[in-house]
Amino acid sequence: MRVLVRRCWGPRPVGGGPSGRPIPQWRALAGLGGSPGAEDGRAVRVREKPPWRVLFFGTDHFARETLRALHAARENKEEELIEKLEVVTVPSPSPKGLPVKQYAVQSQLPVYEWPDVGSGEYDVGVVASFGRLLSEALILKFPYGVLNVHPSCLPRWRGPAPIIHTVLHGDTVTGVTIMQIRPNRFDVGPILKQETVPVPPKSTAKELEAVLSRLGADMLISVLKNLPESLSNGRQQPAEGVTHAPKISAGTSCIKWEEQTSEQIIRLHRAIGTIIPLQTLWMDNTIKLLDLVEVNSSVLTDPKLRGQPVFPGLVIYHKKSQILLVCCKDGWIGVRSVMLKKTLTAPDFYNGYLHPWYQNDSQAQPSQCRFQTLRLPTKKKQGKKIVAMQQCIK
């Protein structure tokens, strides 16, 4: 079946199909409908090879690395891969804007704020950590469709927070997928290129993001060098192994001492600690745990830890290692610093709060001075704040 692409952008219609010019196969791969030509009976010119005209959609640091690679390719006049590069991002409460906007302004690239997508003519769209669904009408404006740089091995971790969930669930292998997007659905299109990498031991989501952002940028450039062929060779995602990576909420940061193991809590800290610190309740006050560490086995053999009641949430100051020991479902975690009105080291918290409390009430039971699970009220404003913060890590 021969399909012409509607002329939606720009005034450059020429004959297609019957004239013998090849028509890209991305729409057949997508299974999208559409009339055999524009309303005026003409079709938009389809370039068979680079240089491409690219419209980029992105927001955060991960996306900025992809934009940087596209911009470098545009500046490379010898290779002639990118002819035109323009940018779409989303509004930000920060005057400086999100990382993608900052880079675009610095690099003097045309930049639009969603839902404004400009009115130019482009060959292909590129999405990286954009967080907005694109309509069929918008996708059809690109002769070669829209590519997505997604930091996971799809179909694992479809959704807006794949890196966070990779760390949170202790995956040992991850990767990047270059795929075609589909209208009004996240991460379900055919795979054009996929590469896997091991997850560095004990890496945070921010550290893993840096690794995957560079890999994804390089993979995208590779796909663009052979775009028609890459589209023709796209493969559908397998139906097995689908998992989802929803956005985190403020409640995710609230530690459940009776339910979560020490490994789960440490992974949670590595996954979201740079976005929102883990939280707990101490003496009716919300306290944020800023720096969590695994507890060395030598610490647990300390005679001072023996012979006393142990229960989830128990807080003990270990003077030799200068950390707070907190009991979990199956063991202990260490805390080096907290936020309670202001940032405090573990020794500061012990000297200013724990020790005076025991001195003032020598008859008190340790269970009265424990960390307890914080129950947050559901607030729409709070949810919006977390969504904005997650623009820092996809």
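Before any of the text, the structure's been laid out above.
The rules behind these values
- Residues numbered from 1 in each chain as written.
- Predicted model: local features only at pLDDT ≥ 70, side-chain atom pairs only at ≥ 80, totals over all residues.
- Heavy atoms only, no water.
- Helix = DSSP H or I, 4+ residues; strand = E, 2+ residues; numbered from the N terminus.
- Buried < 20%, exposed > 50% of the residue type's maximum accessible area, 1.4 Å probe, protein only.
- Areas by Shrake-Rupley, 256 points an atom, 1.4 Å probe, with all protein chains shown as cover.
- Core = buried A, V, L, I, M, F, W, Y, C linked by side-chain atoms within 4.5 Å.
- Contact = heavy atoms within 4.5 Å.
- Polar contact = N/O pair within 3.5 Å; in protein donor to acceptor, adjacent residues only side chain to side chain.
- Phe/Tyr/Trp six-rings, centres within 6.5 Å; stacked < 30°, edge-to-face > 60°.

Check the secondary structure of the protein and you find 11 helices and 16 strands. The buried share of the protein, taken over its 394 residues, is 51%. In the structure as shown, the protein presents an accessible area of about 18,900 Å², 50% of it carried by carbon and sulfur atoms.

Taken as a class, soluble globular proteins show a tendency for nonpolar side chains to be buried jointly. In terms of nonpolar packing, the biggest core is built from 77 residues, with Phe-56, Leu-70 and Leu-224 touching the most fellow members. Top element by residues in this core is helix α6 (residues 205-225). It accounts for 10 residues. Not counting residues within four places of it along the chain, the set of residues in contact with Phe-56 comprises Ala-63, Thr-66, Leu-67, Leu-70, Leu-85, Glu-86, Val-87, Val-88, Val-100, Val-126 and Ala-128. Within the second largest apolar cluster, 18 residues are counted, among which are Val-90, Tyr-112, Val-146 and Ile-181.

As a further point, take the side chain of Arg-47. Structurally, Arg-47 can be placed in the loop between β2 (43-44) and β3 (52-58). A relative accessible area of 15% means that Arg-47 is categorised as buried. Reaching out from Arg-47, the side chain makes a polar contact with the backbone oxygen of Pro-51 at a distance of 2.5 Å. Among the polar contacts made by the side chain of Arg-47, one reaches the side chain of Glu-83 at a distance of 3.2 Å.

This next bit is on the environment of Gly-175. Within the secondary structure layout, Gly-175 lies in strand β8 (residues 173-180). You can call Gly-175 buried: its relative accessible area is 0%. Measuring from C-alpha to C-alpha, the distance between Gly-175 and Leu-154 comes to 8.7 Å, with 21 residues separating the pair along the chain. Each residue touching Gly-175, except ones within four places of it in the same chain, is listed here: His-150, Pro-151, Ser-152, Cys-153, Glu-195, Thr-196, Val-197 and Leu-212.

For Pro-110, the location among the structural elements is in the loop between α3 (99-106) and β5 (111-113). A residue is classified by how much of its surface remains accessible, and Pro-110, at 34% relative accessible area, is partly exposed. Distance from Pro-110 to Val-87, taken between C-alpha atoms, is 6.1 Å for residues 23 residues apart in sequence. Filtering out sequence-adjacent residues up to four positions away, Pro-110 remains in contact with Leu-85, Glu-86 and Val-87.

Our focus in this paragraph is the packing of aromatic side chains. Taken as a whole and assessed by the stated rule, the structure comprises 10 aromatic pairs. Each ring, one from Phe-57 and one from Phe-142, has its centre 6.4 Å from the other, and the planes form 70°; the classification is edge-to-face. Placement of the pair is Phe-57 in strand β3 and Phe-142 in the loop between α4 (136-139) and β7 (146-150), with a sequence separation of 85 residues. Pair check on accessibility: Phe-57 and Phe-142 agree, each one buried. With centroids separated by 5.7 Å and ring planes inclined at 25°, the aromatic side chains of Phe-349 and Tyr-353 adopt a geometry described as stacked. On the criterion of helical spacing, the pair formed by Phe-349 and Tyr-353 is a turn pair, its members being 4 residues apart in helix α10 (residues 346-360). A relative accessible area of 0% means that Phe-349 is categorised as buried. Counting every residue linked through ring pairs, the aromatic cluster contains Phe-57, Trp-114, Tyr-122, Phe-130 and Phe-142.

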